[in-house]
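Spelled out from the first residue to the last, the chains are:
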Amino acid sequence: MRELLYEYLVWIQDTIATLDLDLIKWLIWLFTPIVVMFLLPVVIVIFLYSHALFCHIYKSRRRLVDAYSRGFWTGAQISISTFWEAQSSIWHGYEIIGLDKIPSEGPAVLIYYHGALPIDCYYIIAKICLYKRRMTRCIGDRFLFNVPGFKTLLECVCVSPGSVAECVKVLKAGHLLILSPGGVREAQFSDEYYEILWNNRCGFAKCAVEAQVPIIPLFTQNIRESFRTLSIGRSYLMKLYEKTRLPLAPIYGGFPVKLRTFVGDPIPYDPNLTPQQLAKKAEEALREMIATHQKIPGNVFRALTERLSFHKAKTE
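Colleague: What should I look at first to understand the overall build of the protein chain in this one?
Modeller: When helices and strands are counted, the protein chain shows 12 helices and 9 strands. Per-residue burial for the protein chain yields a buried fraction of 44% across its 316 residues. Looking at the protein chain alone, contacts between residues at least 24 apart form 80% of all its contacts between residues at least 6 apart. As displayed, the protein chain has an accessible area near 17,200 Å², and 61% of this comes from carbon and sulfur atoms.

Colleague: In this structure, what is going on with unusual backbone geometry? I would like to understand it.
Modeller: Working note: non-glycine residues mostly have negative phi, and peptide bonds are mostly trans. Between I296 and the following residue, P297, the backbone shows a cis peptide bond with an omega angle of -5°. Looking at where P297 falls in the secondary structure, it is placed in the loop between α11 (275-293) and α12 (300-305). We note that Y194 has phi near 55°; this positive angle belongs to a residue other than glycine. For Y194, the location among the structural elements is in the loop between α7 (183-189) and α8 (203-211). According to the relative accessible area criterion, Y194 is buried, its value standing at 3%. The phi dihedral of N222 is positive, around 75°, even though this residue is not glycine. Considering the arrangement of structural elements, one finds N222 in the loop between β6 (215-221) and α9 (223-226). For N222, a relative accessible area of 3% gives the class buried.

Colleague: Any chance you could explain the pairing of strand β5 (residues 176-179) here in plain terms?
Modeller: In regular strands, side chains alternate between the two faces of the sheet. On β5, burial covers both faces: L176 and I178 on one face and L177 and L179 on the other are all buried. In terms of strand pairing, strand β2 (residues 108-112) meets β5 through 4 bridges, oriented parallel. Across the sheet, the residue bridging to A108 is L176, located in β5. Sheet analysis places strand β3 (residues 137-139) next to β5, joined by 2 bridges and oriented parallel. Note on β5: the bridge partner recorded for R137 is L177.

Colleague: Honestly, the pattern of salt bridges in this entry has me stumped. Any pointers?
Modeller: Where side chains of opposite charge bring their charged atoms close, a pairing between them can arise. Counted by the stated rule, this structure contains 9 salt bridges. The salt bridge involving D265 is made with K101; its shortest N-O contact spans 3.0 Å. Of this pair, D265 sits in the loop between β9 (260-263) and α11 while K101 sits in the loop between β1 (95-97) and β2, and the two are 164 residues apart along the sequence. Classification of D265 by relative accessible area gives exposed; the value is 56%. Notably, a salt bridge pairs R245 with E242, separated by 3.5 Å at the nearest N-O pair. Note on R245: relative accessible area 38%, which makes it partly exposed. Taken together, the shared-partner salt bridges in this structure form one network comprising E95, K258 and R260.

Colleague: Please explain helix α4 (residues 119-131) as it appears in this structure.
Modeller: Each α-helix turn comprises 3.6 residues. Residues three or four places apart therefore point the same way. The terminal C-alpha atoms of α4, which comprises 13 residues, lie 19 Å apart, in line with the 18 Å expected from a rise of 1.5 Å per residue. Burial runs high along α4: 11 of the 13 residues are buried. Taken as a whole, α4 has its buried residues at I119, D120, C121, Y123, I124, I125, A126, K127, I128, C129 and L130. Phi turns positive one or two residues past the end of α4, at R133, with a value near 55°.

Colleague: Quick question: what am I supposed to make of α8 here?
Modeller: Within α8, burial applies to F204, A205, C207, A208 and A211. One face of α8 carries all of its buried residues, which in axial projection span an arc of 155°. If you follow the buried residues of α8, they end up packed against β2, α6 (164-172), β5, β6 and α11. Of the residues trailing α8, Q212 is marked for its positive phi of about 60°.

Colleague: What am I meant to see in the sheet that holds β5 here?
Modeller: The mixed open sheet is built from 7 strands, whose spatial order is β1-β9-β6-β2-β5-β3-β4. Lying at the two open borders of the sheet, with one neighbouring strand each, are β1 and β4 (159-160). The strands touched by α6 are β2, β3 and β5; relative to β5, the strand with the most contacts, the crossing angle is about 140°.

Colleague: I keep staring at the side chain of R134 and nothing clicks. Help me out?
Modeller: Structurally, R134 can be placed in the loop between α4 and β3. One buried charged side chain, R134, makes no salt bridge at all; its nearest oppositely charged neighbour is E105, positioned 7.7 Å away. In this structure the side chain of R134 is engaged in a polar contact, spanning 3.0 Å, whose partner is the backbone oxygen of P103. Separated by 2.8 Å, the side chain of R134 and the backbone oxygen of G174 make a polar contact.

How each quantity is defined
- Residues numbered from 1 in each chain as written.
- Predicted model: local features only at pLDDT ≥ 70, side-chain atom pairs only at ≥ 80, totals over all residues.
- Heavy atoms only, no water.
- Helix = DSSP H or I, 4+ residues; strand = E, 2+ residues; numbered from the N terminus.
- Buried < 20%, exposed > 50% of the residue type's maximum accessible area, 1.4 Å probe, protein only.
- Contact = heavy atoms within 4.5 Å.
- Areas by Shrake-Rupley, 256 points an atom, 1.4 Å probe, with all protein chains shown as cover.
- Pairing = 2+ DSSP bridges.
- Salt bridge = Lys/Arg side-chain N within 4 Å of Asp/Glu carboxyl O.
- Expected span 1.5 Å × (residues − 1).
- Arc of directions from axis to C-beta.
- Axes fitted to C-alpha atoms, helices over the stretch in contact; angles between N-to-C directions.
- Lys, Arg positive; Asp, Glu negative; His and termini not counted.
- Polar contact = N/O pair within 3.5 Å; in protein donor to acceptor, adjacent residues only side chain to side chain.

Spelled out as structure tokens, the structure:
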């Protein structure tokens, strides 16, 4: 046994002696940025899990003091919104332009272009919570409800899978409803050309027509430069997604690019429009916002320079 241990130690010593330390240092220098790019999305997930943990603690504490009273989640919602506002300001110099177009009371459907990660959706909800004193109801993909530990967080921030009937009920109750018609498909398979991938979806328009509420389009400049999905094997991953409905395309990034959310003009309820016609009108409005506010193709370096005060970004 001692002989084996001795031979093993000698082997380790010989291996270390033959290593080119300069080569190792160079490889570390070369690959560190790549590793960091893939680690930053993991950091966002850690943030979300920290919120979930906070919600669990908050729920237990509140149960002891004031069990299930009205406004049960209000303190947690404001705390989470404050965190995201601070993070967005520090990391992205985040701005929302046209917040006044979102009503302070009454229902509306908010639709947005889906980036690789919907980080801008978190920021928009936070701004509305803090400055409009409203908690926006959000539609999330069904896979989120199968993520361990997320149930309480999703409950706190008012996320639901959202059938048409459920969405109409939410709107008729007077709430704001935010969703991305492109969903996970758009998140995973759109790119720096900001192609809208709605796949003829018009469920959101059916909700707006049935509830007789306006649709407000939102677009966040440089959202595709913040996080991106790998383009390698995209066609295979798309086929896999269509079968499993799971977001399997690797995400990288977390770049501190300038993010600005533009709030478009509300599209009022029109009884003469069918859901399909309304969906087409909303898509055209969002496409026009992208053409107006986003330089195509998106470029990470350019988006980074827009954080600098001397750079005049493409705005209105």
